[in-house]
Amino acid sequence: MATDLYHVELSSPINYAEIYEKVSAELKQARLPREEVELAFHLSPGTPAMAAIWIMLAKTRFPARLIQTSQQRGLEQVDFPFDLASDFLPEYLKRSDDRIERLTDGRQTAPEFDKIIHRSLVVAREVERARRIAAFDVPVLVLGETGTGKELFAEAIHASCRRSPKPFIAVNCGAIPKELANSELFGHKKGAFTGADRERAGHFRTAEGGTLFLDEIGDLPLDTQVRLLRALQEKEITPLGASHPAKVDVRVIAATHRDLQADVAAGRFREDLFHRLAVGVLRLPPLRARGEDLNLLIDYFLERINADAAMRSEAQRKEISPEARKVLLAHAWPGNVRELYHTLVRASIWSTGTDVTADEIREALLVALPKDDAQILGRALHKGFDLQGLLDGVAHHYLVRAMAQTGNRKKQAAELLGFSNYQTLTNWLRKHGLENEDNNE
Ligand SMILES: Nc1ncnc2c1ncn2[C@@H]1O[C@H](COP(=O)(O)OP(=O)(O)OP(=O)(O)O)[C@@H](O)[C@H]1O
């Protein structure tokens, strides 16, 4: 094993700023972090100020193992699970300063967030967090199933921050062939590889000054993840075939429907990149866990569909019949808000009268139903398989149906579902975000 020794001159062993600057400059000079290097910082020699800086660097810019040594106990690993992003940023974001106050005080100052239709507390909390995060120019990670509004949140953050006059570029990383990922994101020079017959700017350059929304970030190949980490840390990118890096000023908002922490544990996603991206984290709940929003979204989308129809002479205004609404409320919405919108569009087009009927909704839902939906036990097992999500979907579906069938009478609904008392049903309803004032005992 080769060892390199670096000497760092300090004017004082307790000057925190100087220790931080000198040490991080050395580590950067050594081109760290790098995938093939496992870093370890030794906390025992030196002053407490030095140990504090090692810990801070290990938990942020230079992910490293921490060790200490003593005569009595020999070499020991030092481990304490703190995660700067998820443990401290929420606190930090809670603090008020002028900038945040201006952005969060009253909806009119950030009207972009009004497009996110919601009534549920879970979504309200995420909107509030997003408004605060927008005031800081930090990366954001948006987690949530497909169609839950990840891009909508990213657009609102962009539109309400100082970058809004500059581009918002949305890229679906899952749709980029692996071998083209580096060139798509960071660009290439003419002749950089076979087929590169002209220069390409890449999405980072195109988003200069603005925001790059990287959807399905978990699908990026590992070597592109290394480049992305560098782009976030150094704020510079090197297009393929270029000899020098170029500065970029782009805010990255990443999104995924996958369990990224599980991908980190399985070695599919770089841990250091995860921590870099997860500075501001938003978790968008599935539609089935936000019963209160469903009615609101139905009315909102119907209004939108009717407004569009008003422009066309052959189309007529539509209403949703009470029975049709029950069918909508009983559905588990695996495709979330997007599925709801498309279902309503389809049903309004097919419906012959002014009222959209329950059957027309059922037909519209059937088209969207995945082929294997009827066979819940016949699903293919694959990497993104989500057993808990599937079970939650089934439970949600039957809870909603039982409540609809009994006119929200809990005692009867509990009987229908085979629960011995309605308190058990209340617990289930709460867990699935379905408990509301309309429910009767
Ligand atoms: N709360 C909401 N209010 C109004 N419209 C919404 C809401 N949530 C989602 N939508 C709409 O639903 C559709 C899907 O949302 P969006 O594309 O943001 O989801 P996503 O989570 O990024 O999906 P995917 O992961 O499949 O890319 C969009 O048309 C969006 O405008």
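For the structure itself, consult the block above.
Quick look at the structure, then. (Residues numbered from 1 in each chain as written. Predicted model: local features only at pLDDT ≥ 70, side-chain atom pairs only at ≥ 80, totals over all residues. Heavy atoms only, no water.)

### Some words on the site of the ligand
What counts here: Near, as used in this document, describes a residue that has one of its heavy atoms within 4 Å of the molecule or strand being considered. Contacts described as polar in this section are N or O atom pairs within 3.5 Å, which, within protein, must combine one atom able to donate a hydrogen with one able to accept it, while residues neighboring in sequence count only if both atoms come from side chains. Residue exposure ignores everything except the shown protein chains as possible cover, and the areas themselves are Shrake-Rupley values with a 1.4 Å probe. To qualify as a helix, a DSSP run of H or I must reach at least 4 residues; to qualify as a strand, a run of E must reach at least 2; elements of each kind are numbered from the N terminus.
Taken together, 19 residues form the shell around the ligand, and within it Ile117, Thr146, Gly147, Lys150 and Asp215 come nearest. With respect to the ligand, the backbone of Leu152 contributes an N or O atom lying 3.0 Å from an oxygen atom. Its free accessible area being 630 Å², the ligand has 85% of it covered by the protein chains. Secondary structure elements with two or more residues in the shell around the ligand: helix H6 (150-159), helix H12 (291-309) and helix H14 (336-350).

### A look at the pairing of strand S5 (residues 168-172)
The line we're drawing: A simple rule labels every residue: compare its accessible area, found with a 1.4 Å probe on the protein chains alone, to the largest value its type can have, and call it buried under 20%, exposed over 50%, or partly exposed in between. Here, strands pair whenever DSSP counts at least two bridges between them.
Here S5 shows one buried face, formed by Ile169 and Val171, and one open face, formed by Phe168, Ala170 and Asn172. Relative to strand S6 (residues 211-215), S5 is paired through 5 bridges, and the arrangement is parallel. Across the sheet, residue Ala170 finds its bridge partner in S6, namely Phe213.

### A look at the sheet that holds S5
Sheet strands pair by backbone hydrogen bonding; their relative direction is either parallel or antiparallel. Operational definition: Axis angles are defined between N-to-C directions and span 0 to 180 degrees, where every axis is a line fitted to C-alpha atoms and, for a helix, only to the segment in contact. Contacts were defined at the residue level, with two residues in contact if any of their heavy atoms lie within 4.5 Å.
Read across the sheet, 5 strands follow the order S5-S6-S9-S4-S10 without closing on themselves; strand pairing throughout is parallel. Two strands in the sheet have a free side with no partner beyond their single neighbour: S5 and strand S10 (280-283). The average undirected angle you get between the axes of adjacent strands in this sheet is 15 degrees. In this structure, strand S4 (residues 140-143) lies alongside S10, joined through 4 bridges in parallel fashion. Within S10, the position partnered with Val140 by the bridge is Gly280. Taken strand by strand, helix H5 (residues 121-135) contacts S4, strand S9 (251-256) and S10, and its axis lies near 160 degrees from that of S10.

### Details of the environment of Thr206
Residue placement: Thr206 occurs in helix H8 (residues 202-206). Residue Thr206 is classed as partly exposed on the basis of its relative accessible area of 42%. Among the polar contacts listed, one links the side chain of Thr206 to the backbone oxygen of Gly202, at a separation of 2.8 Å.

### Details of the packing of aromatic side chains
The condition is simple: Centres within 6.5 Å make a pair out of two Phe, Tyr or Trp rings, where for Trp the six-membered ring is used; the pair is then stacked when the planes are under 30 degrees apart, edge-to-face when over 60, and tilted otherwise.
Scanning the model with the defined rule gives 6 aromatic pairs in all. Ring centres of Phe186 and Phe204 lie 5.4 Å apart, and the angle between their planes is 15 degrees; on these two criteria the pair is classed as stacked. Of this pair, Phe186 sits in helix H7 (residues 181-186) while Phe204 sits in helix H8, placing them 18 residues apart in sequence. On the basis of relative accessible area, Phe186 is assigned to the buried category, the value being 1%. One aromatic cluster is present, built from ring pairs that chain together Tyr300, Phe301 and Tyr341.

### Things to note about the pattern of salt bridges
Defined as follows: Every case where a carboxyl oxygen of Asp or Glu lies within 4 Å of a side-chain nitrogen of Lys or Arg is listed as a salt bridge.
One pass over the full model with this rule turns up 24 salt bridges. Residue Asp272 is joined to Arg270 by a salt bridge in which the shortest nitrogen-to-oxygen separation is 2.6 Å. Like Arg270, Asp272 is buried. One network of salt bridges, with partners in common, ties together Asp137, Arg162, Arg163 and Asp249.

### Observations regarding the side chain of Thr426
Along the chain, Thr426 falls in helix H18 (residues 422-431). Accessibility expressed as a relative area gives 3% for Thr426, which makes it buried. At a separation of 3.1 Å, a polar atom in the side chain of Thr426 contacts the side chain of Lys410. Excluding anything up to four places from it in sequence, Thr426 contacts Lys410 and Glu435.

### A short note on the sheet that holds strand S1 (residues 40-42)
Across the sheet, which stays open at both edges, the 3 strands sit in the order S1-S2-S3 with mixed pairing between neighbours. The open sheet has two edge strands, S1 and strand S3 (74-78), and neither has a second partner. Shown here is a sheet whose adjacent strand axes are inclined to one another by a mean of 30 degrees, direction ignored. Across 3 bridges, S1 lies against strand S2 (residues 65-70) in parallel orientation. Each bridged residue has a counterpart across the sheet, and for His42 the counterpart in S2 is Ile67.

### Some details on the nonpolar core
Selection rule: Within this scheme, the nonpolar core is defined by two criteria: the residues are buried Ala, Val, Leu, Ile, Met, Phe, Trp, Tyr or Cys, and they are joined through side-chain atoms within 4.5 Å.
Ranked by size, the top nonpolar core spans 32 residues in total, and within it Phe204, Leu214, Ile217 and Leu228 carry the most contacts. Non-local contacts of Leu214, meaning those with residues more than four positions away in its chain, are made with Val171, Cys173, Leu185, Leu228, Val252, Ile253, Ala254 and Ala255.

### Section: the packing of H12 against helix H13 (residues 322-330)
Helices that pack against each other are described as a pair by the angle of their axes relative to one another and the distance between those axes. Put simply, the test is: Throughout, the term roughly parallel applies to angles under 35 degrees, roughly antiparallel to angles over 145, roughly perpendicular to angles from 65 to 115, and oblique to all others. Should the near helix be turned anticlockwise from the far one by less than a right angle, the crossing is termed left-handed; should it be turned clockwise, right-handed. Residues are grouped as follows: Ala, Val, Leu, Ile, Met, Phe, Trp, Tyr, Cys and Pro are nonpolar; Asp, Glu, Lys and Arg are charged; every other residue, Gly included, is polar.
Where H12 meets H13, the axes come as close as 10 Å, and the angle between the chain directions of the two elements is 125 degrees. In this view, H12 runs oblique relative to H13, as classed from their interaxial angle. Relative to H13, H12 is oriented so that their crossing is right-handed. Mapping the contact onto sequence places Leu294, Asn295, Ile298 and Asp299 in H12 and Arg325, Leu328 and Leu329 in H13. Of the residues in the contact of H12 with H13, the class split is 4 nonpolar, 1 polar and 2 charged.

### Topic: the pairing of S2
Worth spelling out the cut-off: Classification remark: right-handed applies to a crossover when, strands pointing away from the viewer, the course from the first strand over the helix to the second runs clockwise.
One crossover worth recording links S1 to the parallel S2 by way of helix H2 (residues 48-58), and it is right-handed. Pairing analysis gives 5 bridges linking S2 to S3, with the strands arranged antiparallel. Residue pairing in the sheet places Thr69 in a bridge with Leu75 of S3. Hairpin connection of S2 to S3: 3 residues between the antiparallel strands.

### Quick look at the packing of helix H16 (residues 387-405) against H18
Between H16 and H18, whose axes approach to 10 Å, the crossing angle comes to 125 degrees. With respect to H18, the axis of H16 lies oblique. For the crossing formed where H16 meets H18, the hand is left-handed. Contacts between H16 and H18 pair Ala395, Leu399 and Met403 from the former with Leu425, Trp428 and Leu429 from the latter.

Keep in mind these numbers describe shape, not what the thing actually does.
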